[in-house]
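Coordinate inspection notes
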Amino acid sequence: MELFETTLFFWLALATIVASGAALLLLRDRRAQVAIIFIIFLVSILVFISTLPSYLVLAKAITAIIVALMFFATAWQVHWIETPELSSAIESGTMSIQAVNPDELPVIEDAAGGQTFTMPDHARQSWLAAPQLSTLIFRSLIVVFLTIVAIRVARFDATASMLGLDASIMSISFVMIALGIAVVGLTEAPFRAGLGMIMLLTGFDLVYATLQPSLAVVALLAVVNISVALGSGYLTLVRAERFLETADF
Amino acid sequence: MALNIPLVFLFLLIVGAIISWVVGRWQTAQLGVALLTTLILLIFTTQVPLESNVLALGQSVILQPVFNFVGRSLTFSDQVRPALTVLFLMAMLFFIGGFSIQLERTFVTGGLLVLMLVAATILVKPFQFAALFLQILAALAVFLLSDVVHFKTRGALRLLVFFTIGVPFVLLAGWQLEGAGNATNGVDILDQAALLLSIGFLILLSVFPFHSWVPVALEEANSYAAAFVVTVVNLAVIFVLISSLADIDWLRSNYIFQSVFGWGAIATIVISGIFAVGQRSYGRLMGYALLSDLGATYLTFTLTDYTSYQLGLVLLIIRVPAVVLWGIGIGALAPDGDDSFEALRGLAWRKPFSALAVFIGGLSLIGFPLTISFPVRWQLYQALIVSNAWGAYALMLASVCIILAYARGARLLLDRSALPESETPSDSDLVAAESPVNTVMCIIGAAALLIFGIFPQFILPIFTALAQSFPQLVG
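To keep things clear, this report deals only with the structure shown in the data block. (Residues numbered from 1 in each chain as written. Chains lettered and ligands numbered in written order. Predicted model: local features only at pLDDT ≥ 70, side-chain atom pairs only at ≥ 80, totals over all residues. Heavy atoms only, no water.)

On a regular strand, one side chain projects to one face of the sheet and the next to the other, so that they alternate. Residues and elements named next belong to chain B. Here strand E5 (residues 72-75) shows no split at all, with Arg72 and Leu74 on one side and Ser73 and Thr75 on the other all buried. Across four bridges, the pairing between strand E4 (residues 66-69) and E5 is antiparallel. Directly across from Val66, in E5, lies its bridge partner Thr75. Where E4 folds back on E5, the antiparallel hairpin that results is connected by two residues, among which Val70 adopts a positive phi of roughly 30°. Here E5 pairs with strand E6 (residues 124-125) via two bridges, running antiparallel. Considered in E6, the bridge of Leu74 is made with Val124. (Buried < 20%, exposed > 50% of the residue type's maximum accessible area, 1.4 Å probe, protein only. Helix = DSSP H or I, 4+ residues; strand = E, 2+ residues; numbered from the N terminus. Pairing = 2+ DSSP bridges.)

Now the structure itself:
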């Protein structure tokens, strides 16, 4: 049975992608972000199983694992902390930062209130910085709006006649592209932007690999994915290194 | 024995990059390796015969111009010779300029790898696969734009993001063009492909509103490295555009391509001018000046006669010496990276030749009278006023705005009162703060831009001949 032809799988896949995109936009915890990229790759591989020959799916899977591991390694290198946003939060006092395990942690001060907070020695702090309610609402609305628009565009007759693909594949692809663009558009943190770019590229890949199912294209797209992960990982390390120096922890 | 020409390019550039990394502790050695590599490749590009046997080291060597990989190819032909020649000449200028300023270790190694990807972009067939190399090129360029010293990452990240968004459009357009021949609704498909291709190139060519990475990169990164990246990345994309124009002849006259590109170019020029006038750092100002010049180049691609295309190519080539001179000057004026007008206040009295280089380079870029770009800009104005008057007015407006910004910068740079009395230099130690190499390069560079601006008949025919040697645009 073609897995992707079942309606249930389509809706499950779509819901997973939307939830993943929303989580990427809302969560600051890099452990969650890395987990999300694994999930996005898993869904895309399941879609590829229905559209590509098995040797190409295998190539895609290997690429996905490499890319996800690169993000994992980057996050691990910077101690899982989302430095640029956390540093701006500390400077502006726009986020609430709470201590969990004060006994183990060095101390810094919040610039807004002058109140003392504690930071972990391994800097496991990002998940403690919760976004404001207005940010939460704004980003949730963006996810809903973009999902609706992407699904609608995927089901236009013009789109179908242009690409000639199954509407379900195009829906998932377009939602991934739209949410990927939203992620890269709403952050200046290289790590999260890198995840957004990978989401965008994976969404595009769902359509393009089906249109051009050749080993050369798959190989070049794999190199593209890896280079994007490498570039954003490098930028993450550069920023984190500087921030860790200036924050003195 | 067989020698694959495309592989020679890639192999030599990789070897050059590895050697330059190994000798990374000595910047002069690094630059020497890079210069030698690009010189060898320049000679190879211009001299290597196609599909023939040559005698090397007592052996007969068969030169193969095509390297095939899983259904795609890297092809060396007479069509790509001019592009590779321009690329290596440009790279040599940047590497020569690098001798006079302090650079990061990654610049030379990363620069050679970037050149390898641009070469692959030029050599790959069909053209849409060049877009994938462009994406990899953007990812590699971030290593030149950010490092621990220049830790701000906005410019590099935006470059990566814009290319990630732009490349899919070119790939999709390429796929559509491949299938257009067999389709019943061929005209519709061609229009769709033209639209996708136009959007893709607008993004990749940093046309407004996808321009923001350029000024930010020039402000945040090492100015010289950023100038190199902006120039090379733009050159690579323009070569892909030229290649696509050669493959898709109807695209030049397609109304969608014409209007999207024409208005995009004008918007870029106008926005660059408006933003430039308020800038307070030389890096950002250079970013907007570069964008304005890029917009001028793009305008030539919307004109349908072939002479205009060649004019655009001459603009592309003539920009490089101006950018290099500016980079040498700003690298010496602001070695710590802070190139704001305020930080450099009064510095013209301590580093006069570097200051001169910044102004001559910057003004040459926008076609200021008596500089090398002026005759070319003048021809462009003449062509535009006939066929696209709005373009000519926009370009003039932007140039005036940029000149005003430079004038404000000059006032601060020449502000002698900013120097403490004890540091006010006498005439005898005016040049003491500048290294001899830097001084010589600034003088030679500024003199060349001015002399060839006053007597363009000595240099313009060479650039024009180089532009005319692009067989894709001869028509």
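There's plenty left to go through after this.
This next bit is on the pattern of salt bridges. Residue and element names in this part refer to chain B. For the structure shown, the criterion picks out nine salt bridges over all chains. Here Arg319 makes a salt bridge to Asp293, at a shortest N to O gap of 2.7 Å. Taken together, the residues Arg319 in helix H12 (residues 306-333) and Asp293 in helix H11 (residues 282-302) connect sequence positions 26 residues apart. The same class applies to Arg319 and to Asp293, which are both buried. Between Arg345 and Asp415 there is a salt bridge, with its nearest N and O atoms 2.4 Å apart. Residue Arg345 is located in the loop between H12 and helix H13 (352-365), and its partner Asp415 is located in the loop between helix H15 (389-413) and helix H16 (436-454); the two are separated by 70 residues in the primary sequence. A relative accessible area of 28% places Arg345 in the partly exposed class. Judged by its relative accessible area of 16%, Asp415 is buried. Counted as one network, the salt bridges with shared partners bring together Asp293, Arg319 and Arg377. (Salt bridge = Lys/Arg side-chain N within 4 Å of Asp/Glu carboxyl O.)

Quick look at the environment of Val314(B) now. Residues and elements named next belong to chain B. Secondary-structure assignment places Val314 in helix H12. According to the relative accessible area criterion, Val314 is buried, its value standing at 4%. Those residues in contact with Val314, other than ones at most four positions away along the chain, are Val376, Leu460, Phe463, Thr464 and Ala467. (Contact = heavy atoms within 4.5 Å.)

Before going further, it helps to examine the sheet that holds E4(B). Pairing within the open sheet is antiparallel, and its three strands lie in the order E4-E5-E6 (chain B). In the strand order of this sheet, the two ends are held by E4 and E6 of chain B, each with one partner.

Residue and element names in this part refer to chain A. As a packed pair, helix H5 (residues 133-154) and helix H7 (residues 167-185) sit with axes 8 Å apart at the nearest point and diverge in direction by 145°. In this structure, H5 meets H7 at a crossing whose hand is right-handed. Taking contact as the criterion, the partners of Ile142, Val143, Leu146, Thr147, Ala150, Ile151, Val153 and Ala154 in H5 are, on H7, Ala167, Met170, Ser171, Phe174, Val175, Ala178, Leu179 and Ala182. Tallied by class, the residues present in the contact of H5 with H7 amount to 14 nonpolar, two polar and no charged. (Axes fitted to C-alpha atoms, helices over the stretch in contact; angles between N-to-C directions. Left-handed = near helix turned anticlockwise from the far one by under 90°. Nonpolar A, V, L, I, M, F, W, Y, C, P; charged D, E, K, R; others polar.)

Attention now moves to the side chain of Arg284(B). Residue and element names in this part refer to chain B. Turning to its location among the elements, Arg284 is positioned in helix H11. Classification of Arg284 as buried rests on a relative accessible area of 19%. One polar contact links Arg284 to Gln279, side chain to side chain, over a distance of 3.0 Å. (Polar contact = N/O pair within 3.5 Å; in protein donor to acceptor, adjacent residues only side chain to side chain.)

Before going further, it helps to examine the nonpolar core. The biggest cluster of nonpolar side chains holds 252 residues, and the ones touching the most others in it are Leu84(B), Tyr282(B) and Tyr406(B). Examining the composition of this core, we find that 18 residues originate from one element, helix H9 (residues 223-247) of chain B, more than from any other. (Core = buried A, V, L, I, M, F, W, Y, C linked by side-chain atoms within 4.5 Å.)

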